[in-house]
2 protein chains.
Amino acid sequence: MHNTDRSIGEAAAHLGLPESTLRYYEKKGLLPHLPRDEGGRRVFTEFHMTLLQVISNLKRTHMPLGSIRQYVEWVVEGEHTTPLRLDMMLRHRQNVLDEITAMHEALDGIQIKINRYEDRVRGWQQLSSDKPDQAAESSRTDSAS
Amino acid sequence: MHNTDRSIGEAAAHLGLPESTLRYYEKKGLLPHLPRDEGGRRVFTEFHMTLLQVISNLKRTHMPLGSIRQYVEWVVEGEHTTPLRLDMMLRHRQNVLDEITAMHEALDGIQIKINRYEDRVRGWQQLSSDKPDQAAESSRTDSAS
DNA sequence: GCTTGACTTCAACCATGGTTGAAGTTCTAA
DNA sequence: TTAGAACTTCAACCATGGTTGAAGTCAAGC
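Residues numbered from 1 in each chain as written. Chains lettered and ligands numbered in written order. Predicted model: local features only at pLDDT ≥ 70, side-chain atom pairs only at ≥ 80, totals over all residues. Heavy atoms only, no water.

Got a minute to help me understand the relation of the copies chain B and chain A in this structure?
Between the two copies of the chain lies a rotation about an axis combined with a shift along it. The two copies are related by a screw motion: chain B maps onto chain A through a turn of 180 degrees and a shift of 0.0 Å along the axis, at an RMSD of 0.1 Å. Each copy turns onto its partner about a two-fold axis. Of the C-alpha atoms belonging to chain B, the one lying closest to the rotation axis is found on I100 of chain B, 3.3 Å away. In this assembly, 100% of the residues forming the interface of chain B have copies in chain A that are likewise at the interface, indicating an isologous arrangement. (Least-squares fit on C-alpha atoms with pLDDT ≥ 70 in both. Contact = heavy atoms within 4.5 Å.)

Structure follows, in C-alpha cells:
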C-alpha cells in the first residue's frame, strides 16, 4: 500500500476519465495485474498510472485498443519483447505522421472554402455600405459548396 | 446527361470508395438531389463529385457524418447560409489544429519510448560483440513500459 | 443500527460508420 | 434471346469504444 496508490475514483479524477472507462480498460486487458485491496477494490499503482499515460498517448494518436493491448502484453512479457515493441512504435509513429500530413492536406481544401466564404461576406458588407437598406442577390460564384 | 456524369461504379473507382459507401452517404443525406437515370440508377454529376471531394476533406479531418450533413444542407439552402458555413469551417479548422497539436504532443511521448528501446537494443548488440555467444540479462531500466 | 457514499459485477444498451447478403431488375454483347 | 455483368432495394449484421442501469457489498460517521 504505497502512498501513491489511488482508488478508481482518484485515478479517474486525475486522468479526467470516467470510472466506467477504467473498468472497461481493465476488462479489455489494458491494465494487467491491477491489484485489489482487502475489500476487492481496484488499486491504481504508480505503475498503472504511468501505463495509463502511455495508453493516453497511444489513444490520442488513434491506436486501436486491441493494438494497445498487444503492446501492454509485450511490456508484461519482459525485455525480450523490446524489438517487437520498437517495431510497433516505429510503424505507429510513421502512421501518425502520415495521418497528420493527410490532415494538413485536407485543411488546405478547407481553407479555400473559408477564404471564399470570407470574401463573399466581405462583398455583402461592401454592398450594404454602398447602398444601405438593400438586400442584394450576390455575385454568382457558387460551385459545389 | 453530361459527359462528365458517372455511374456509381465509376464514381466509386474514381474516389477509391466502395459503392456501398456511396449509397450509404446518399441515405445519410450527404448527396442531396442525386439524380437517377431512366433505369433508376444513380447519376453522379460533376457537382456531386466535387461535393464528394469536400466530404473527403471533412472526413479526413474527422468531422462526423452528421455535421457534414448539416453543412451539405446549408449548401443546398443557398448563399444566405454562408455565415453559418463560415462559422462551422472556422470552428472545425481550429478543432483540427488542436487535434494535430495533441497528436504531436503524444508523439513526443512515443518518441521517448522509441529512444529507450533503441538504446536498449544497441546495448545488447554492444554486449554480444564484446562477449559473443552470451545471452545476457540486461540493465534494469524498465519503468512502465 | 442505519444512512451515505464509494465501490463491486454483469449484462444490456448506445452511436458511429459502414458492410454484407438476399432477391430482384436492367443493359450489353454474342 | 439469353447469359452475364452491373445495377437496384432493404434489412441485418459488424467492429469499435464506450455508457448505463440494476443489484449488491462495504466502511465511516451520526
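Picking up after the structure, the text goes on.
Just checking my understanding: could you explain the protein's contact with DNA strand C for this structure?
Around DNA strand C there are 19 residues in total, and S7 and R42 of chain A together with T21, R41 and K59 of chain B lie nearest to it. Expressed as a percentage, the sugar and phosphate content of the atoms of DNA strand C within 4 Å of the protein is 82%. Contacts to DNA strand C include E19 of chain A, whose side-chain N or O atom sits 3.2 Å from a phosphate oxygen. Counting only elements with at least two residues in the surface near DNA strand C, the list comes to α1 (8–15) and α2 (19–27) of chain A together with α2 (19–27) of chain B. A breakdown of the residues in the surface near DNA strand C according to their chemical character gives 6 nonpolar, 6 polar and 7 charged. (Near = heavy atom within 4 Å. Polar contact = N/O pair within 3.5 Å; in protein donor to acceptor, adjacent residues only side chain to side chain. Helix = DSSP H or I, 4+ residues; strand = E, 2+ residues; numbered from the N terminus. Nonpolar A, V, L, I, M, F, W, Y, C, P; charged D, E, K, R; others polar.)

Honestly, the interface of chain B and chain A in this entry has me stumped. Any pointers?
For interface size, the figure often reported is the accessible area lost on association. Taken together, the contact pairs 49 residues of chain B with 49 residues of chain A. Taken together, the two surfaces of chain B and chain A that pack against each other cover about 4,200 Å², and 70% of this comes from carbon and sulfur. Summed over the shared surface of chain B and chain A, the number is 4 salt bridges. Note that R60 of chain A and E105 of chain B form a salt bridge whose closest N and O atoms lie 3.7 Å from each other. In this assembly, chain B and chain A are joined by 10 residue pairs in polar contact (both at pLDDT 80 or more). Counting residues per element, the ones that place at least two in the side of chain B that touches chain A are α3 (46–60), α4 (65–77) and α5 (82–130) of chain B. Residue contributions to the side of chain B that touches chain A peak at 28 residues, all from α5 of chain B. (Buried area = accessible area lost by both parts, 1.4 Å probe. Salt bridge = Lys/Arg side-chain N within 4 Å of Asp/Glu carboxyl O.)

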